[in-house]
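Structure at a glance
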Amino acid sequence: MFHLNKQLLLLAVFCCSLAGMAQEKDKKEKDKAYVEKVNALFSTRPFVNQNIDLFTFNYPDSEESTLLYRPATGLNIGGEVAFKFLSFSYQKNLPLLQPGVPENFKADHQRIGFELGGKIFGLGIDYQQNSGFYVLNPSILPPDAIGSQFREDMNSKTFGTSLRFTFSNKLSANALFDQSERQLKSKGALTFIMSNRFHNFTADTAFIPPVFAGNYAESATADRIWINSLQFMPGYGYIAVAGNWNIGLFLYSGTGLQIRKYFNETEEKLGLRVPYVAKGKGGISYNGKFIYAKLFAMADYTTVGMKDARIGWLQSSWEFSIGFRLYGKKDK
């Protein structure tokens, strides 16, 4: 009797294992019906884009317009190369679509990016720098302060790392943005980003024009500000599918921990703040076997903690690209 019970128990365990394996197989097959891996050996895509970054200043309870500084660069060109799930990109500005600036005004922009990952996890690293800013809304400046409109002395540098997690095997941000996968069916899912971003802003003189200095206490004479923000942003993404075409949007919002330090000619001061951060990415893409293309836009915003000022840094851009793939013998 004991041997019979033992055999029945082993048979039950075996049957449960087979059922579990069958369910796991069915789950994987269902996941494959939504997302397909692109097994290209090598791909490259030239692109053109434009950054619309804003460094903003105002003070609490202000009834005046916000002071908007924007890098004085126009169109950028760049390229990306990808090996399997790894990609590297670089972009540099051209003297095209540049705002009206003085003849000898020098402005520069460049960005380097690195990304890897898949449906669930994604890691991104980027470095961006701008030099030469101008006041986007010069109408807020009185006539005697119009010389403050162009700031060739202003510079910004940003270094960031981000880890993305998507709470579904059936939604691929890669399918829309780096196109190393294909979204086969429409799907939405919760997602999450944890990132660390370092920003450094410098100038030869104070960021705030003297005409506005009376509205600020600590910030009035600051000519350098650096901030480091550890950010946590839950979000949601959705991709709609029509054949080889995808259109989608991913939105995130959250907070974190920010260390901020500002400098002027006589002192420097360190502070700890809790910022508001938000991020959005969306676009439309075509993902064929050998040729792929996309048009997308993104925005990344963080507040800078100061007692006497409302300061923000918005990095946004649009981009258009057409890419080409090569396959190995085993990949076709």
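Residues numbered from 1 in each chain as written. Predicted model: local features only at pLDDT ≥ 70, side-chain atom pairs only at ≥ 80, totals over all residues. Heavy atoms only, no water.

Notes on the environment of Pro-60
In this structure, Pro-60 sits in the loop between strand E3 (54-58) and strand E4 (67-71). In this structure, the C-alpha to C-alpha distance between Pro-60 and Tyr-276, residues 216 residues apart in sequence, is 16 Å. Residues within four places of Pro-60 in sequence aside, it is in contact with Lys-307, Asp-308, Ala-309 and Arg-310. (Helix = DSSP H or I, 4+ residues; strand = E, 2+ residues; numbered from the N terminus. Contact = heavy atoms within 4.5 Å.)

Re the pairing of strand E5 (residues 75-83)
When strand E2 (residues 42-51) meets E5, the two strands line up antiparallel, connected through 8 bridges. Opposite Val-48, over in E5, you have Ile-77 as the bridge partner. In the sheet, E5 pairs with strand E6 (residues 86-93) via 8 bridges, with the strands oriented antiparallel. Each bridged residue has a counterpart across the sheet, and for Gly-78 the counterpart in E6 is Gln-91. In this structure, the hairpin formed by E5 and E6 is closed by a connection of 2 residues, where Lys-84 is found at a positive phi of approximately 55°. (Pairing = 2+ DSSP bridges.)

Considerations on the confidence of the model for the protein chain
In the predicted model, the protein chain carries a mean pLDDT of 88, and 90% of its residues have values of at least 70. pLDDT under 50 marks residues 8-27. Its contacts with residues more than four places away, or in other chains, come to 1 contact. (pLDDT = per-residue confidence, 0-100.)

Thoughts on empty space enclosed by the protein
Under the counting rule described, the total for this entry stands at 4 cavities of 30 Å³ or more. Quantified by volume, the largest cavity comes out at close to 940 Å³. A breakdown of the residues in the lining of the largest cavity according to their chemical character gives 14 nonpolar, 16 polar and 14 charged. The computed volume of the second largest cavity comes to approximately 160 Å³. As for the second largest cavity, its lining consists of 18 residues, of which Ser-43, Ala-82, Lys-84, Asp-178 and Ser-180 are closest to the centre. (1 Å grid on protein atoms, 1.4 Å probe; cavity = no way out; pocket = protein on both sides within 12 Å on 5 of 7 lines; lining within 4 Å. Points joined across faces, edges and corners; volume = space filled by probe spheres on them. Nonpolar A, V, L, I, M, F, W, Y, C, P; charged D, E, K, R; others polar.)

A closer look at the packing of aromatic side chains
The way to describe two aromatic rings as a pair is by their centre distance and the angle between their planes. Taken as a whole and assessed by the stated rule, the structure comprises 18 aromatic pairs. Seen from their ring centres, Phe-55 and Phe-207 are 5.6 Å apart, and the 85° between their planes marks the pair as edge-to-face. With Phe-55 in strand E3 and Phe-207 in the loop between strand E11 (187-202) and strand E12 (224-242), this pair connects stretches of sequence that are 152 residues apart. The pair formed by Phe-55 and Phe-207 is uniform in burial state, with each residue classed as buried. Ring centres of Phe-198 and Trp-226 lie 5.8 Å apart, and the angle between their planes is 40°; this geometry places the pair in the tilted category. Placement of Phe-198 in strand E11 and of Trp-226 in strand E12 is noted, with a sequence separation of 28 residues between them. (Phe/Tyr/Trp six-rings, centres within 6.5 Å; stacked < 30°, edge-to-face > 60°. Buried < 20%, exposed > 50% of the residue type's maximum accessible area, 1.4 Å probe, protein only.)

What about the side chain of Gln-231?
Note on placement: Gln-231 falls in strand E12. With a relative accessible area of 1%, Gln-231 lands in the buried category. With sequence-adjacent residues up to four places away left out, Gln-231 is seen in contact with Ile-193, Met-194, Ser-195, Arg-197, Thr-255, Gly-256, Val-277 and Thr-302.

Considering a nonpolar patch on the surface
Among the surface-exposed residues, Phe-121, Leu-123, Leu-163, Met-194, Leu-230, Phe-232, Leu-257, Ile-259, Leu-270, Leu-272 and Val-274 lie close enough to one another that they form a single nonpolar patch of about 970 Å² accessible area. Among the elements of the structure, strand E8 (121-135), E12, strand E13 (245-263) and strand E14 (268-273) are those that each provide at least two residues to the nonpolar patch. On the secondary structure map, Leu-163 appears in strand E9 (residues 150-166). (Patch = residues over 30% accessible without salt bridge, like charges linked within 9 Å, V, L, I, M, F, W, Y side chains within 5 Å. Areas by Shrake-Rupley, 256 points an atom, 1.4 Å probe, with all protein chains shown as cover. Salt bridge = Lys/Arg side-chain N within 4 Å of Asp/Glu carboxyl O.)

What about the pattern of salt bridges?
Inspection of every chain in the model, using the stated rule, returns 9 salt bridges. For Glu-36, the salt bridge goes to Arg-182, with nearest N and O atoms at 3.4 Å. In this pair, Glu-36 is assigned in strand E1 (residues 35-37) and Arg-182 in strand E10 (residues 181-183), connecting sequence segments 146 residues apart. Arg-197 is the salt-bridge partner of Asp-126, the closest N and O atoms lying 3.2 Å from each other. With Asp-126 in strand E8 and Arg-197 in strand E11, this pair connects stretches of sequence that are 71 residues apart. Here Asp-126 matches Arg-197 in class, with each residue buried.

Details of unusual backbone geometry
Positive phi is not limited to glycine here, since Leu-97 has a value of about 55°. Mapped onto the secondary structure, Leu-97 falls in the loop between E6 and strand E7 (108-117). Taking relative accessible area as the criterion, Leu-97 reaches 58% and is therefore assigned exposed.

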